[in-house]
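Coordinate inspection notes
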Amino acid sequence: MTSAPTPQTPAKRAAIVGANRIPFGKAGSAYAGASNKDMLTAALEGLVARFGLAGERLDEVAAGAVVKHSRDFNLTRETVLGSSLDHHTPAYDVQRACGTGLEAIVGVANKIALGQAQVGVGGGVDSASDAPVVVSERLRKALLRASRAKTLPDRLKAFAAIRPRDLAPVAPDVAEPRTGLSMGEHQALTTARWGITREAQDALALASHTNLAAAYERGFFDDLMTPYRRLTRDESLRADTSMEKLAKLKPVFGARTATPEGPAATMTAGNSTPLSDGASVVLLSSDEWATQRGLPVLAHVVDAQAAAVDFVAGEEGLLMGGAYAIPALLDRTGMRLEDFDYVEIHEAFAATVLATVAALEDEDFGRTRLGRDGAVGTIDRSRLNVTGSSLAAGHPFAATGGRIVGTLAKLLHERDESEVRPGSPARGLISVCAAGGQVVTMILEAA
Amino acid sequence: MSDTYAKLVGAPGPAQQLAKKLGLPRPARLRRTDPTSVDRPLTPGPVLVLSDDASTADADTVAEGLLAWDLDVHRDARLPDHARWGAVVLVLTELPHPAALSAPAMQLGSVLRSLAPGARVVSLSRRAPGPDATTNLAPAVAAARAGVDGFVRSVAKELRNGATANGVVLADDVDVRAPSVRGALRFFLSARSAFVDGQLLAVVSGAGSEPADWARPLTGVAAVVTGAARGIGAEVVRVLARDGAHVLGVDVPAAGESLTSVMNEVHGVALQLDITAEDAAARILDVARSRYGHLDVVVHNAGILRDKLLANMSAEKFDDLTAVNVTAPLRMNETFARPGVLGSASTAPRVISLASTSGIAGNRGQTNYANAKAGLIGMTRALAGSLTDAGGTVNAVAPGFIETEMTASVPPVPRQVMRWASSLQQGGRPVDVAEAIAFLASPQAGGIDGQVLRVCGQLQTGQ
């Protein structure tokens, strides 16, 4: 359970000036030949062009990747050096699994709030296509021994220890190191526990595609996206999908953990997020900086909260962190779940969103897990992921945070005055679950 | 996109020898602006100022003005041995009779063989009556003025080695010292006008002002260029930025990747926007005003091709092209060409459209394109004078055959024919069009309004 730290004197709120991403590609497809640095540079260059920042020195650029080559140890700084920004712009790498992008944005926002920076960029990138291939442990050890060897015989001896089977590369693994279960298998456990139906999952997936397609149609992404390598829309988007088509797909997760007496497996490729390639960045600044440049502010960062659950002991589902971080965030800010015009819950799986919402709306969960009087609150489904989310857009791990922040900031700017709290600026809530039982959440408010 | 033939015959070797023997075109390498040394040198050698007897006083004034640009100015056609003229300026502003052109014409003729490569011949004359104008000019004066037109266009066709001949045509009440007369003269003398040949550009008023720095005349100016991601548009962006302007580049969202690299290169701003949207002008204005405080120059460059013989043309092809190439500029001008929208206390409004020689002469397979491009010329003429109160102008540039991705789709033989159909015997480059636009955008072009400047190497079609 998360205990909310006592709020300090509220610092300045960081402003979200704008965002940019490249369309997300399907793994092994349009961006198969692009590295993380290529994609992050493309997203950053688009942001620089949109806001006329070429040649300017920013105070900070923070970004990261979940799947990262060892040569990319300084990925973000190298990206800045390859961009049109002034090379005096400092940069650092961040990593918190799928929460990387959002965590990078939190970091930059906090620096701005504290006056340590006036303007910065937060974001992330990931490639499922250009994943590092790892050599076997025996080969790695032999190579290290050979590099330490001082004489030729020693070196030959080190190489002689290598066996043919050691040469086979080790495929990248998406399993949780502590349980050996894949993320999907973990979610399947939670899905079953909350009794999330196949139909509900498929309906959420369909809404994701329909909403994202509609957002493209109305030009919503015209100033949030720079095309890259001939891609102008997210490659996973299926504007023409339907409940019938989704219903035909075979379950891919849950078979391993299903029991004869338990519910059947429900999670398919249609209601699980696809492996993707892509990058996103968000421009944050103080209000003063934005005003000086004549740049309108879309939204402000109100607060953010991370949390983690103990999934190893089976006490809680791997991706259920949101059900803990969100109440903590609400308590600290004195807000209710019903106060938000938009709620963005990252669609790792359709069932992740549905289980998180179910937990927040569940009285028993509120009492036993959170020590509250009852349920946390309710989420109006018509305010949830209104322009689609990861099921349709794809989910290049570290790029998802920036995608959601940019989308939500623009939605809030368009809405301006809240529908649920007339007379006040519209608010939005973000929750991005991550490996290791983690989650990062954030509240934005229309500027 | 490159003219392989021109490259082959442009360098000494068997290809050049063969072309010479067969009498085939041997296009010269044109003198273009070096971005690291803009307008230096302004001309490739000394400048000779000639005039008819009646225009001597004006010629003296013009010569003094040239001296202010540190040019080596002569009034006498004798040159030291082996020296070559960089330019000849013919001052004919008070020409009383066609016969009075004889003396300066013969003087010009005597120096044509000693012109430097990329030299310039520029005439200054007065406006002859137009087809629908009533005039109280004496017929002999009108004949003299109209005669200059035919004379200059013919001289242009006789020049070689990348030399060009153009003219500045002054309205009756415009002094030879007027900013736009000096501005146009300088443009024609400079490398900026490399592909402008056989053109007579009218200065309609004494409006405009000389820039503080002739090499960066657009300092402080905010400009928007549509269709900025590629080809001519991208080059317009670069030249406007080189001349000191802040540039906002607009292109369709799908072209965002190349738009990004063009705009970052010039430290400009990219706006992904479809110009056929109802609110396109308002959004452009909004971005420019918030970033720069004002918007001064609008370059309507965006255009598409949908070539088909009319017999095979679909309504869709015709309508799509019309929507982008002429309806969008018309609609955007309802915002931009309203007095008080463009410009600021220190910068003047400019609306510049990309027409085409296809719009002037017509072109097989381009009924839709020519309709749109000729339409832009009509729009430009209709808007002439509408921004005068704010020191503004509305003009058009009509490119001939320019080497771009768009014209690279023309089949090889017609493409070579198009190149050879101009006096300069080659296609122009996007930068040539961009230079003309940057000139019309400049403060020294404030007296040029409602005009169409061809950048075609004197293409042998149309007017």
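Residues numbered from 1 in each chain as written. Chains lettered and ligands numbered in written order. Predicted model: local features only at pLDDT ≥ 70, side-chain atom pairs only at ≥ 80, totals over all residues. Heavy atoms only, no water.

1. Re the overall build of chain B
We count it as follows: Per the convention used, a helix needs a DSSP run of H or I reaching at least four residues, while a strand needs a run of E reaching at least two, with both numbered from the N terminus. In this treatment the radius of gyration is a C-alpha quantity, and the globule benchmark scales as 2.2 Å times the residue count to the 0.38 power. Note on exposure labels: buried denotes an accessible area under 20% of the residue type's maximum, exposed denotes more than 50%, and partly exposed covers the range between, all computed with a 1.4 Å probe on protein chains only. In what follows, residue pairs with any heavy atoms lying within 4.5 Å of each other are defined as contacts. The method behind every accessible area is Shrake-Rupley, applied with a 1.4 Å probe, and residues are considered shielded solely by the protein chains displayed.
A tally of regular secondary structure across chain B gives 14 helices and 13 strands. A globule of 463 residues ought to have a C-alpha radius of gyration of about 23 Å, and chain B, at 22 Å, matches this closely. In terms of its C-alpha atoms, chain B occupies a principal-axis envelope of roughly 60 × 55 × 45 Å. In chain B, buried positions account for 56% of the 463 residues. Counting contacts in chain B only where the partners sit at least 6 residues apart, residues at least 24 apart contribute 76% of the total. In the structure as shown, chain B presents an accessible area of about 18800 Å², 53% of it carried by carbon and sulfur atoms.

2. Details of helix H6 (residues 179–189) of chain B
Of all eleven residues making up H6(B), eleven are buried, and the element is well covered by its neighbours. Three or more residues of H6(B) are buried, namely B:Pro179, B:Ser180, B:Val181, B:Arg182, B:Gly183, B:Ala184, B:Leu185, B:Arg186, B:Phe187, B:Phe188 and B:Leu189.

3. A look at the UniProt feature "domain: Ketoreductase" (unreviewed entry) in chain B
Basically, it comes down to this: UniProt positions are given in the numbering used here, feature names are shortened, and annotations may be inferred rather than shown by experiment.
When the UniProt feature table is mapped onto this chain numbering, "domain: Ketoreductase" (unreviewed entry) sits at residues 221–400 of chain B. Within the segment residues 221–400 of chain B, helix and strand shares are 44% and 17% respectively, and the terminal C-alpha atoms sit 28 Å apart.

4. Section: the UniProt feature "domain: Thiolase C-terminal" (unreviewed entry) in chain A
Under the local residue numbering, the UniProt record ascribes the feature "domain: Thiolase C-terminal" (unreviewed entry) to residues 297–445 of chain A. Secondary structure within residues 297–445 of chain A divides into 34% helix and 20% strand; the distance between the first and last C-alpha atoms comes to 11 Å.

5. Quick word on the domain arrangement of chain A
We apply this condition: Throughout, the edges of the domains are those of an automatic or database domain assignment.
Domain boundaries in chain A define domain 1 (137–167) and domain 2 (183–219 + 301–446). Each of domain 1 of chain A and domain 2 of chain A has a C-alpha centre, and these two points are 49 Å apart.

6. A closer look at helix H8 (residues 256–265) of chain B
In an α-helix, one full turn covers 3.6 residues, which means residues spaced three or four apart are oriented alike. Within the span of H8(B), buried status applies to B:Gly256, B:Leu259, B:Thr260, B:Val262, B:Met263 and B:Asn264. Where H8(B) is buried, its residues touch helix H1 (36–50) of chain A together with helix H7 (231–242), strand S8 (246–251) and strand S9 (269–272) of chain B. Phi for B:His267, located one or two positions after H8(B), is positive at around 60°.

7. Some points on the nonpolar core
What counts, and what does not: Throughout this description, the term nonpolar core refers to a set of buried Ala, Val, Leu, Ile, Met, Phe, Trp, Tyr and Cys residues connected via side-chain atoms within 4.5 Å.
By size, the foremost hydrophobic cluster in this structure holds 76 residues, and its most contacted members are B:Leu66, B:Val89 and B:Leu240. If one sorts the elements of this core by residue count, helix H14 (residues 430–441) of chain B sits on top with nine residues. Two domains share this core, each providing at least three of its residues, namely domain 1 (47–203) and domain 2 (222–455) of chain B. Ranked by size, the runner-up nonpolar core spans 45 residues in total, among them A:Ile105, A:Met225, A:Ala392 and A:Ile404.

8. Overview of the pattern of salt bridges
Residues and elements named next belong to chain A. Defined as follows: A side-chain nitrogen of Lys or Arg and a carboxyl oxygen of Asp or Glu constitute a salt bridge if their distance falls within 4 Å.
One pass over the structure, following the stated rule, counts 48 salt bridges over all chains. Among the ionic pairs, Glu-316 bridges to Arg-369, the shortest N-O distance being 3.1 Å. Separated by 53 residues along the polypeptide, Glu-316 in the loop between strand S9 (299–308) and helix H10 (322–333) and Arg-369 in helix H12 (residues 363–370) bring together distant segments of the chain. A relative accessible area of 28% places Arg-369 in the partly exposed class.

9. Side note on the interface of chain A and chain B
Keep this limit in mind: By buried area we mean the combined loss of accessible area, with a 1.4 Å probe, across both parts when two parts are placed together. Pairing of N or O atoms within 3.5 Å defines a polar contact, subject to two protein rules: one partner must be a possible hydrogen donor and the other a possible acceptor, and residues neighboring in sequence count only if both atoms are side-chain atoms.
Each side of the interface is counted separately: chain A has 21 residues, and chain B has 13 residues. Taking both sides of the interface into account, the surface hidden between chain A and chain B amounts to around 1400 Å²; carbon and sulfur atoms contribute 49%. The largest per-residue losses of area from chain A upon contact with chain B belong to A:Ala49, A:Asp222 and A:Pro227, which jointly make up 33% of the total buried on that side. At the surface where chain A touches chain B, the tally comes to zero salt bridges. Between the two partners, chain A and chain B, sit nine residue pairs in polar contact (both at pLDDT 80 or more).

10. A word on the sheet that holds strand S10 (residues 297–300) of chain B
Residue and element names in this part refer to chain B. This is how the line gets drawn: We treat two strands as partners when DSSP finds at least two bridges between them. The axes used here are C-alpha line fits, helices contributing only the stretch in contact, and every angle between their N-to-C directions lies in the interval 0 to 180 degrees.
The strand order across the open sheet formed by seven strands is S9-S8-S7-S10-S11-S12-S13, and the pairing between neighbours is parallel. The outermost strands of the open sheet, each flanked by one partner alone, are S9 and strand S13 (452–455). Put simply, the sheet's adjacent strands are angled 20° from each other on average, direction ignored. Sheet analysis places strand S12 (residues 393–399) next to S13, joined by four bridges and oriented parallel. By the bridge assignment, Val-397 is partnered in S13 with Leu-453. The sheet strands contacting helix H12 (residues 367–383) are strand S11 (350–354), S12 and S13, and the helix crosses S11 at an angle near 160°.

11. A closer look at the environment of A:Lys26
Residue and element names in this part refer to chain A. With respect to the helices, strands and loops of the structure, Lys-26 is situated in strand S2 (residues 25–26). With 88 residues separating them along the chain, Lys-26 and Leu-114 place their C-alpha atoms 39 Å apart. In contact with Lys-26, not counting residues within four places along its chain, are Ser-129, Glu-235, Ser-236, Arg-238, Leu-275 and Asp-277.

12. Some words on the side chain of A:His346
All names here are of chain A. Among the secondary structure elements, His-346 is positioned in the loop between strand S10 (342–345) and helix H11 (350–360). Judged by relative accessible area, which is 1%, His-346 ranks as buried. Polar side-chain contacts of His-346 include one of 3.4 Å to the side chain of His-395. If we ignore the near neighbours within four places in the chain, the residues touching His-346 are Val-353, Ser-389, Ser-390, His-395, Thr-400, Ile-404, Ser-431, Val-432 and Cys-433.

13. Digging into the domain arrangement of chain B
Residues and elements named next belong to chain B. Structurally, chain B comprises domain 1 (47–203) and domain 2 (222–455). With 19 residues of domain 1 at the contact, the number on the domain 2 side is 22 residues. Counting the surface domain 1 buries against domain 2, the share from its top three residues, Arg-192, Phe-195 and Leu-201, is 41%. Linking domain 1 with domain 2 are two salt bridges.

14. As for the sheet that holds strand S3 (residues 85–91) of chain B
Residues and elements named next belong to chain B. If you walk across this open sheet you meet the six strands as S2-S1-S3-S4-S5-S6, and the pairing is parallel. Of all the strands in the sheet, just strand S2 (73–74) and strand S6 (200–203) have a single pairing partner and so form its edges. Against the sheet, helix H3 (residues 56–67) touches strand S1 (47–51), S2, S3 and strand S4 (115–126), its axis set at about 165° to S1. In the packing of H6 onto the sheet, contacts are made with S3, S4, strand S5 (164–170) and S6, and the angle to S5 comes to roughly 175°.

15. With respect to the packing of aromatic side chains
Residues and elements named next belong to chain A. The criterion, for reference: Two rings belonging to Phe, Tyr or Trp (six-membered ring only in the last case) form a pair when the distance between their centres is within 6.5 Å. Interplanar angles under 30 degrees mark stacking, angles over 60 mark edge-to-face geometry, and anything in between is tilted. We call a charge positioned above a ring when the Lys NZ or Arg CZ atom is no farther than 6 Å from the ring centre and deviates by at most 35 degrees from the ring normal.
Scanning the model with the defined rule gives ten aromatic pairs over all chains in all. A ring pair is formed by Phe-220 and Phe-221, whose centres lie 5.2 Å apart and whose planes are at 90°; its orientation type is edge-to-face. Judged by its relative accessible area of 4%, Phe-221 is buried. An aromatic cluster is defined as three or more aromatic residues linked by ring pairs; in this entry it consists of Trp-194, Tyr-324 and Phe-365. Above the face of the Phe-220 ring, Lys-410 is positioned so that its terminal group lies 4.7 Å from the ring centre.

16. Observations regarding a nonpolar patch on the surface
Heads up, the rule is: To count toward a patch, a residue needs a relative accessible area over 30% and no salt bridge; like charges are then connected within 9 Å, while nonpolar side chains (Val, Leu, Ile, Met, Phe, Trp, Tyr) are connected within 5 Å.
Together, B:Leu18, B:Leu22, B:Leu24 and B:Trp420 make up a nonpolar patch on the protein surface, roughly 370 Å² of accessible area in all. In this fold, B:Trp420 is placed in helix H13 (residues 412–420).

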